[in-house]
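# Examining the three-dimensional arrangement
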Amino acid sequence: MLEQARRAARAALGAWRRAAGARHVRHNAPHVTRAGLAADLARLGIAPGDTLFVHSSLKSLGYVEGGALAVIAALQDAVGPQGTLLLPAYYLPGGTLRAACAMPDYVFDPRRHGTHMGRLPEALLASAGVRRSLHPTHSVCAWGRHAADLTEAHHRAPSIFGMGSPWQRFIGCEQAKVLGLGISMGPVTFYHALEDAMGDAFPVPVWEDRTALLACRDHAGRRWEVPVRPFDQAVARRRIDHPGRGDLRDYFHREFDAAGLRVNGQVGDAAAWWIPAQGFYDHLRQLASNNVTIYASAAQLAARPIGQA
Ligand SMILES: CC(C)(COP(=O)(O)OP(=O)(O)OC[C@H]1O[C@@H](n2cnc3c(N)ncnc32)[C@H](O)[C@@H]1OP(=O)(O)O)[C@@H](O)C(=O)NCCC(=O)NCCS
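Below is a summary of the structure that appears in this document. What you see is a predicted model, and the numbers here were worked out from it, not measured in a lab.

### Some remarks on the overall build of the chain
Scanning the chain from N- to C-terminus turns up twelve helices and twelve strands. Against the 2.2 N^0.38 benchmark of 19 Å for 309 residues, the chain shows a C-alpha radius of gyration of 20 Å, consistent with a compact globule. Every one of the 309 residues in the chain was classed for burial, and the buried ones make up 51%. Within the chain, contacts between residues at least 6 apart in sequence are counted, and of these 69% link residues at least 24 apart.

Here it is as structure tokens:
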């Protein structure tokens, strides 16, 4: 009884916070519409038939009339009926892979578990005709032409981001692009695809030794045990998405600009960018061969000037 009341109070507080946040953006940011966003995306170079892996910040776009669903609709307008959208729908209980692995009774259930990745993924997840991969920590959701193929094998993949995963399949799609809406080069999961593909040949030992098996339940109620290998915590603290690694984010931003791979523009009020997936991957591999990774020290960055062939 008490627990129920607590849950209801938490939900009410959450709803009030959301409404207050939206009011603040509505009064303080420029207003943008689905049509305006779709036009900006086209100007940025997003084209019909594209397959997009999108990392986003809703509030960076300005005040979007129609909210997150209007942004999803604008993305769908930009890629058209032959296009595909792929968004992170990760559910990470405890906030890290290691914490999730330490929960003995945790069973991921796509019907019950939402996502911690922001409003746009939440909106896509709640939309009709959307597929969601079955994965205890790094589930993704997808809409469009390649949605089924990108999501269907995640729970059978030997690693989160490697062979059989949505990332590895995404790289193989024509016109595959990683799109950032109002985000830096920090929160970009794509980097991990190279780590899983290279395994022990990757120049940084990014994982802990043990691989845990975490449980998932699929839509038919069947239970799957999925291998998850946590990141080494000390190494993860040096990573590009850590608040203290502005130097790495700046390096990668300028490096991909210098390589002619990053296309920059504006969508709504947000700075936006995209990088073609295959070029992104190949360039990451080339950088890794020079010891420049998303974990590089300042000395390693200094040893390889930006734009060096
Ligand atoms: C963390 C992160 C999601 C925060 O961005 P954000 O814009 O604050 O959060 P969301 O996208 O969830 O949007 C919610 C915000 O939009 C605001 N909002 C609500 N309605 C809105 C509307 N109609 N138009 C614009 N903004 C609106 C909300 O008020 C809220 O802001 P607040 O928290 O200041 O109140 C973003 O910085 C990020 O890192 N995105 C990438 C996440 C990711 O893909 N991670 C994987 C990496 S491995």
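### So, the site of the ligand
Not every one of the 20 residues close to the ligand is listed here, only the nearest: H55, S56, S57, L58 and R119. Here an oxygen atom of the ligand sits 3.4 Å away from a polar atom, N or O, in the main chain of G21. L58 has a polar backbone atom sitting 2.9 Å from an oxygen atom of the ligand. When contributions to the shell around the ligand are tallied by element, the ones reaching two or more residues are α1 (2-28), β2 (51-56) and β3 (63-64). Grouping the amino acids of the shell around the ligand by side-chain chemistry returns ten nonpolar, eight polar and two charged. Here the shell around the ligand spans two domains, since at least three of its residues come from each of domain 1 (1-31) and domain 2 (33-303).

### A few points about the sheet that holds strand β11 (residues 263-267)
If you trace the seven strands from one edge of the open sheet to the other, you get β6-β7-β4-β2-β8-β12-β11, paired in mixed fashion. Two strands in the sheet have a free side with no partner beyond their single neighbour: β6 (131-132) and β11. Bridge analysis of β2 against strand β4 (residues 84-88) gives three bridges, and the strand direction is parallel. The residue bridging F53 from the neighbouring strand is L86, located in β4. Relative to β11, helix α2 (residues 34-44) is tilted by about 165°, and along the sheet it contacts β8 (176-181), β11 and β12 (270-276). Each of β8 and β12 is contacted by helix α11 (residues 277-289), which is oriented at about 75° to β12, the strand it contacts most.

Cut-offs and rules
- Residues numbered from 1 in each chain as written.
- Predicted model: local features only at pLDDT ≥ 70, side-chain atom pairs only at ≥ 80, totals over all residues.
- Heavy atoms only, no water.
- Helix = DSSP H or I, 4+ residues; strand = E, 2+ residues; numbered from the N terminus.
- Rg over C-alpha atoms; globule rule 2.2 N^0.38 Å.
- Buried < 20%, exposed > 50% of the residue type's maximum accessible area, 1.4 Å probe, protein only.
- Contact = heavy atoms within 4.5 Å.
- Near = heavy atom within 4 Å.
- Polar contact = N/O pair within 3.5 Å; in protein donor to acceptor, adjacent residues only side chain to side chain.
- Nonpolar A, V, L, I, M, F, W, Y, C, P; charged D, E, K, R; others polar.
- Domains from an automatic or database assignment.
- Pairing = 2+ DSSP bridges.
- Axes fitted to C-alpha atoms, helices over the stretch in contact; angles between N-to-C directions.

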